Amino acid sequence: MFILEQNNPTQTDIVNNVKISASSISWHVGRLIALKIIREVRDGRYKRYQLQDDGAKYILILLRNYYPSIWDKWSMRIVEMFLSLSSSREME
């Protein structure tokens, strides 16, 4: 969700926000990359992470189907996020 919200965070950004170890973040990010949900983008000496084009769709399906309590908690936040993303794309 942090990658979805922040759009292009570094691993350090993720570690500082999620508050788990860098090695755990690295493992999870590696799995998300392997599943083609996110991609790694080089930015100088930093690696940034962003959703693949269909990544958000898969995240929403997983949350809704396998974690309904989290889905209920995050649904309004997700709607607000997508609305802000769509309005920023319309301005481009």
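What comes next concerns the included structure. (Residues numbered from 1 in each chain as written. Predicted model: local features only at pLDDT ≥ 70, side-chain atom pairs only at ≥ 80, totals over all residues. Heavy atoms only, no water.)

### Remarks on the overall build of the chain
At step 1: On a plain count of helices and strands, the chain comes out with 5 helices and 2 strands.
At step 2: Traced from its N-terminal end to its C-terminal end, the chain shows the element sequence α-α-α-β-β-α-α.
At step 3: Expected size for 92 residues packed as a compact globule is a radius of gyration near 12 Å; at 14 Å, the chain falls within 12% of this value.
At step 4: With the principal axes as the frame, the chain shows a C-alpha extent of 35 × 35 × 25 Å.
At step 5: Per-residue burial over the chain gives 24% buried out of 92 residues.
At step 6: At a minimum sequence separation of 6, the contacts of the chain that also span at least 24 residues come to 38%.
At step 7: Working note: accessible area of the chain is about 6800 Å², and carbon and sulfur atoms make up 53% of it. (Helix = DSSP H or I, 4+ residues; strand = E, 2+ residues; numbered from the N terminus. Rg over C-alpha atoms; globule rule 2.2 N^0.38 Å. Buried < 20%, exposed > 50% of the residue type's maximum accessible area, 1.4 Å probe, protein only. Contact = heavy atoms within 4.5 Å. Areas by Shrake-Rupley, 256 points an atom, 1.4 Å probe, with all protein chains shown as cover.)

### Some details on the nonpolar core
At step 1: Core analysis: the biggest nonpolar cluster contains 17 residues, and Ile14, Val29, Ile38, Tyr49 and Leu51 have the highest contact counts within it.
At step 2: Elements represented by at least two residues in this core include exactly α1 (2-6), α2 (11-18), α3 (22-34), β2 (46-51), α4 (55-66) and α5 (68-91).
At step 3: Here the element with the most residues in this core is α4; it accounts for 4 residues.
At step 4: If we ignore the near neighbours within four places in the chain, the residues touching Ile38 are Ile3, Val29, Leu32, Ile33, Tyr49, Gln50, Leu51 and Gln52. (Core = buried A, V, L, I, M, F, W, Y, C linked by side-chain atoms within 4.5 Å.)

### Topic: the pattern of salt bridges
At step 1: Considering all chains together, one arrives at 1 salt bridge under this definition.
At step 2: In this structure, Arg48 and Asp43 form a salt bridge, with 2.7 Å as the shortest nitrogen-oxygen distance.
At step 3: Among the residues examined, Arg48 registers a relative accessible area of 26% and is labelled partly exposed.
At step 4: Looking at Asp43, the relative accessible area reads 38%, which means it is partly exposed. (Salt bridge = Lys/Arg side-chain N within 4 Å of Asp/Glu carboxyl O.)

### Focus: the pairing of strand β1 (residues 38-43)
Within a regular strand, side chains alternate between the sheet's two faces.
At step 1: Note: β1 against β2, 6 bridges, orientation antiparallel. By the bridge assignment for β2, Arg42 is matched with Lys47.
At step 2: Hairpin geometry of β1 and β2 is characterised by an intervening segment of 2 residues between the two adjacent antiparallel strands and by a positive phi of about 65 degrees at Gly44. (Pairing = 2+ DSSP bridges.)

### Here we look at the layout of surface pockets
At step 1: Space inside the largest pocket adds up to approximately 860 Å³.
At step 2: Taken together, 25 residues make up the lining of the largest pocket; nearest its centre are Met1, Phe2, His28, Leu32 and Ile59.
At step 3: Put simply, the parts of the chain that give the lining of the largest pocket at least two residues each are α1, α2, α3, α4 and α5.
At step 4: Among the elements that take part in the lining of the largest pocket, α3 stands out by supplying 5 residues, more than any other.
At step 5: Partitioned by chemical class, the residues of the lining of the largest pocket number 20 nonpolar, 2 polar and 3 charged. (1 Å grid on protein atoms, 1.4 Å probe; cavity = no way out; pocket = protein on both sides within 12 Å on 5 of 7 lines; lining within 4 Å. Points joined across faces, edges and corners; volume = space filled by probe spheres on them. Nonpolar A, V, L, I, M, F, W, Y, C, P; charged D, E, K, R; others polar.)

### Remarks on a nonpolar patch on the surface
At step 1: Taken together, the side chains of Leu62, Tyr66, Tyr67 and Ile70 present a nonpolar region at the surface, about 430 Å² in accessible area.
At step 2: Mapped onto the elements, Tyr66 comes out in helix α4. (Patch = residues over 30% accessible without salt bridge, like charges linked within 9 Å, V, L, I, M, F, W, Y side chains within 5 Å.)

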